[in-house]
Amino acid sequence: MSSSSLAVPKAQPVAGSTSGTDRGRPPLGRRIALIPTVTLLLGAVYCLLPVAWVVIAATKSGRELFSTFTFLPGSGFADNVRDLSAYRDGVYWAWMGNSALYAGLGALLSTCVSAISGYALATYRFRGREAIFNVLLAGVLMPPVILAVPQYLLLAKVDLTDSYLSVLLPQILFPYGVYLARIYAAAAVPADVVEAGRMDGASEWRIFTRIALPMMIPGMVTVFLFQFVAIWNNFLLPYIMLSDDEKFPITLGLFTLLEQGANSPALYTLVITGAFLAVFPLVALFLVIQRFWSLDLLSGAVKS
C-alpha cells in the first residue's frame, strides 16, 4: 500500500463557516449594523447630558453649586423651590401661568386654523390652491427672526404691543401645522366619504365637523403638541413684544433672572431650579397626549 493512500485528507471548510482568525468575531454585516445604534446612543447622551446637569444642579444650594462635583447631587432642592416661590411674591408662578396661557390657547387656536385650512386645501379644488400651499411651504422655511420685527411694527400700529394678544396673535397661523393637516387630511379622509355626506344633504361645515375632523384627530393632536412646545419655548417674540414683566412667559422671565444673576450669584440657583420645574408641564402634556393619541389611533383602526 502506497504512502499516498495512507495520508489523512485535510478537512474542508464547511460552507458559511469562518476561518480560525475570524472565530469569535461578529460578521461584518452585523458590525456595520451596529453603527446606527452607536450613533443614536451618542446622540442621546449628547441631548440628555444637559438635562441631567439641570436636574442635579437644581438639588444644590448656592454654596454647593460652585464647590461640589458637577454630577454630585446636593441637599438644597426644597430650599431652592421655597426661595423661587418667594422671589418677588411668586412672580415665577405668574410667568408659568402666562406660558400656559400663551402655549395652551395659542396651540388650540393654531390647531383649529390648521385643521380647517388643511382640510380645505386637501378637499376642495379652486384656482390658486397650489400657489397658496407653496406660500405656506415658504413660511415653513422662513426663520422666525425675520418675521418678529414686522409683526411688532404691525401690532404697534393698532396699539397691541405689550399685551397678551401681541404674543397670541402671531402664533395662530402655524404654516407647518397647515402643511401637516393637509397631508393628513388627504390620507385619512376618503373622497368617497365626503361625497356620500354631500349626497345625504349635509352641509360642508357638518361634513367637516362630524365626518372629517374625527378622522383627522390623531394628526391634529400632533399639530397641537408641536405648536404647544414651540410657543412654550419661544423667547424672541415675547422679548420683542413685551415690556411688562408681569406678562412675561417662563423663558423671558428666567432670562431676566439670569441677567440679574451677574450681580447677584445667589439667583443662579433660582434660574436653574426654575428651568428644571419648567420642564414638567411639557413632560406631563406629552404623556397625556401620547396616551390619547395611541387610543385614538387604535379606535380608528377598529372602526375601519
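What you see is a predicted model, and the numbers here were worked out from it, not measured in a lab. (Residues numbered from 1 in each chain as written. Predicted model: local features only at pLDDT ≥ 70, side-chain atom pairs only at ≥ 80, totals over all residues. Heavy atoms only, no water.)

**Remarks on the packing of helix H6 (residues 129-141) against helix H9 (residues 175-188)**
Heads up, the rule is: Axis angles are defined between N-to-C directions and span 0 to 180 degrees, where every axis is a line fitted to C-alpha atoms and, for a helix, only to the segment in contact. Helix and strand assignments follow DSSP, with helices taken as H or I runs no shorter than four residues and strands as E runs no shorter than two, numbered in order from the N terminus. These descriptions rest on fixed angle ranges, namely under 35 degrees for roughly parallel, over 145 for roughly antiparallel, 65 to 115 for roughly perpendicular, and the rest for oblique. Should the near helix be turned counterclockwise from the far one by less than a right angle, the crossing is left-handed, whereas a clockwise turn marks it as right-handed. The contact definition used throughout considers only heavy atoms, calling two residues in contact when any of these lie within 4.5 Å.
Contact geometry of H6 with H9 gives a least axis separation of 8 Å together with a crossing angle of 130°. Taken together, H6 and H9 sit at an angle that is classed as oblique. In the packing of H6 onto H9, the handedness of the crossing is left-handed. Residues Arg 129, Glu 130, Phe 133, Leu 136, Leu 137, Gly 139 and Val 140 of H6 lie in contact with H9, whose contacting residues are Pro 175, Tyr 176, Val 178, Tyr 179 and Arg 182.

**With respect to the pattern of salt bridges**
Rules: Salt-bridge detection follows one rule: a side-chain nitrogen of Lys or Arg within 4 Å of a carboxyl oxygen of Asp or Glu.
With the rule as written, the count across this model stands at seven salt bridges. Residues Glu 246 and Arg 88 are paired through a salt bridge, measuring 3.9 Å at the closest nitrogen-oxygen approach. Of this pair, Glu 246 sits in the loop between helix H12 (236-241) and helix H13 (250-260) while Arg 88 sits in the loop between helix H4 (77-86) and helix H5 (91-123); the two residues are 158 residues apart in sequence, bridging distant segments of the chain. When salt bridges with common partners are traced through the structure, they connect Arg 88, Asp 245 and Glu 246 into a single cluster.

**Structural notes on a nonpolar patch on the surface**
Heads up, the rule is: The residues that make up patches have over 30% relative accessible area and no salt bridge, and they are joined within 9 Å when like-charged or within 5 Å when they are Val, Leu, Ile, Met, Phe, Trp or Tyr. To measure how exposed things are, a 1.4 Å probe is used in the Shrake-Rupley method; for residues, cover is taken only from the protein chains shown.
Among the surface-exposed residues, Leu 49, Trp 53, Phe 69, Phe 71 and Leu 72 lie close enough to one another that they form a single nonpolar patch of about 500 Å² accessible area. By secondary structure assignment, the location of Phe 69 is in the loop between helix H3 (62-67) and H4.

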